[in-house]
Amino acid sequence: MRLGSSSRFRGWALLTAAAICIALPGIIATQVGSARAGATLEQRKLPMRFSWVGCQPNCRGWVSAVGIVTADSPKDFDDFARGRQLGGATIVLDSSGGSVNDSIALGRRWRNLGLLTTVGTSVNADSAQGRATIDPAAYCESMCVYLLLSGKTRYVPDRAHVRVHQIWMGDRADDAKAASYTAQDMMIVERDIGRLAKYTFDMGGAGDLLSLSLNVPPWEDLHELSREELRLTNLTTTDAVAEVFPPRFDAPNTPVAGLVTKPVQDRFVGSAADVATDSQAAKSTKTAEALAPTGSVAKTAPAK
């Protein structure tokens, strides 16, 4: 099952941001923060973008991954990673989800590189000094949750929102109860649930993650995981920020901008007072796309 993997689903995804992933509203100050929140919400509806955020000299930096996973995302990441020594780097996620099968492929790439994962929005908190920080008041929804699971070490800030729901036929999630379904549709959904289950266990996740996700139909709001559920599902492996942002002196590539070094505990914006309230909080998105097997079997529309 893939979110945004076919051209038909991609068009739908760009319009509705359908996916299972993490989305992050980045906010810095009340007025400016509101505008940024709107811009961040729009970025979460676009195909996933990868960028390097440097913080020389004592911080290795991190990879910002913003947007929904599409059929192009695994290749886009490969292109981004080419020429960079990303082994053991940290991925900061800001996503509403995306293609199930492409998220699985991307997550396996990340695990093979030994990447670390967290949730947040990368911001330039002090443009005069070029100081980079991460706003933790972010959202990781739908398939983004499974990208988070791919991290060798996984940290979720207290103010981050991690939300799950079922996968569904993508072209019928908006009115799932009224839609019709064929045996072929059910085969596709069950096939992709099996793929997702195998991936979950391969990544060290617990069956509780699948149970919590598959209990939320597309006509209900996404379920936000509590701190206890984050531990129960093995989505978090540490409560220490320093374990996903260890001090490094061998930055894998030249940073995008010269950024002033900050203590590791200060890389996340510290408190609610440091950021504005997101007036455009992301709505719960529908889920995934299921594609029919290739060959003699006719193609079936995407699933959410």
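Details of the structure are given in the entry above.
How each quantity is defined
- Residues numbered from 1 in each chain as written.
- Predicted model: local features only at pLDDT ≥ 70, side-chain atom pairs only at ≥ 80, totals over all residues.
- Heavy atoms only, no water.
- Pairing = 2+ DSSP bridges.
- Helix = DSSP H or I, 4+ residues; strand = E, 2+ residues; numbered from the N terminus.
- Contact = heavy atoms within 4.5 Å.
- Axes fitted to C-alpha atoms, helices over the stretch in contact; angles between N-to-C directions.
- Buried < 20%, exposed > 50% of the residue type's maximum accessible area, 1.4 Å probe, protein only.
- Left-handed = near helix turned anticlockwise from the far one by under 90°.
- Nonpolar A, V, L, I, M, F, W, Y, C, P; charged D, E, K, R; others polar.
- Expected span 1.5 Å × (residues − 1).

Caption draft 1: Inspection of the sheet that holds strand 4 (residues 90–94) at higher detail. Taken in spatial order, the five strands of this open sheet run 2-3-4-5-9, and their pairing is mixed. Where the open sheet ends on each side, the last strands, each with one partner, are strand 2 (49–55) and strand 9 (154–155). Here four bridges tie strand 4 to strand 5 (residues 116–119), and the two strands are oriented parallel to one another. Looking at the pairing, Val 92 lines up with Thr 118 of strand 5. Docked against the sheet, helix 3 (residues 73–81) engages strand 2, strand 3 (59–66) and strand 4, running at close to 30 degrees with respect to strand 2.

Caption draft 2: The pairing of strand 10 (residues 161–164), seen in detail. Here strand 8 (residues 139–141) runs beside strand 10; their pairing, made up of three bridges, is parallel. The partner of Cys 140 across the bridge, within strand 10, is Val 162.

Caption draft 3: The side chain of Gln 166, seen in detail. Its place among the elements puts Gln 166 in the loop between strand 10 and helix 6 (183–202). A relative accessible area of 14% means that Gln 166 is categorised as buried.

Caption draft 4: Layout of the packing of helix 6 against helix 7 (residues 207–214). Where helix 6 meets helix 7, the axes come as close as 9 Å, and the angle between the chain directions of the two elements is 145 degrees. Between helix 6 and helix 7 lies a crossing whose hand is right-handed. Here helix 6 contributes Ile 193, Leu 196, Ala 197, Thr 200 and Phe 201 to the contact with helix 7, which in turn contributes Gly 207, Leu 209, Leu 210 and Leu 214. By residue class, the composition of the contact of helix 6 with helix 7 is seven nonpolar, two polar and no charged.

Caption draft 5: Seen up close, the environment of Ala 160. Tracing the backbone through its elements, the reader meets Ala 160 in the loop between strand 9 and strand 10. Excluding anything up to four places from it in sequence, Ala 160 contacts Val 119, Pro 136, Ala 138 and Glu 224.

Caption draft 6: Inspection of helix 4 (residues 100–112) at higher detail. Taking 1.5 Å per residue as the helical rise, helix 4 with its 13 residues ought to reach 18 Å, and the 18 Å between its terminal C-alpha atoms agrees with that figure. Positive phi shows up at Gly 114, right after helix 4, with a value of about 70 degrees.

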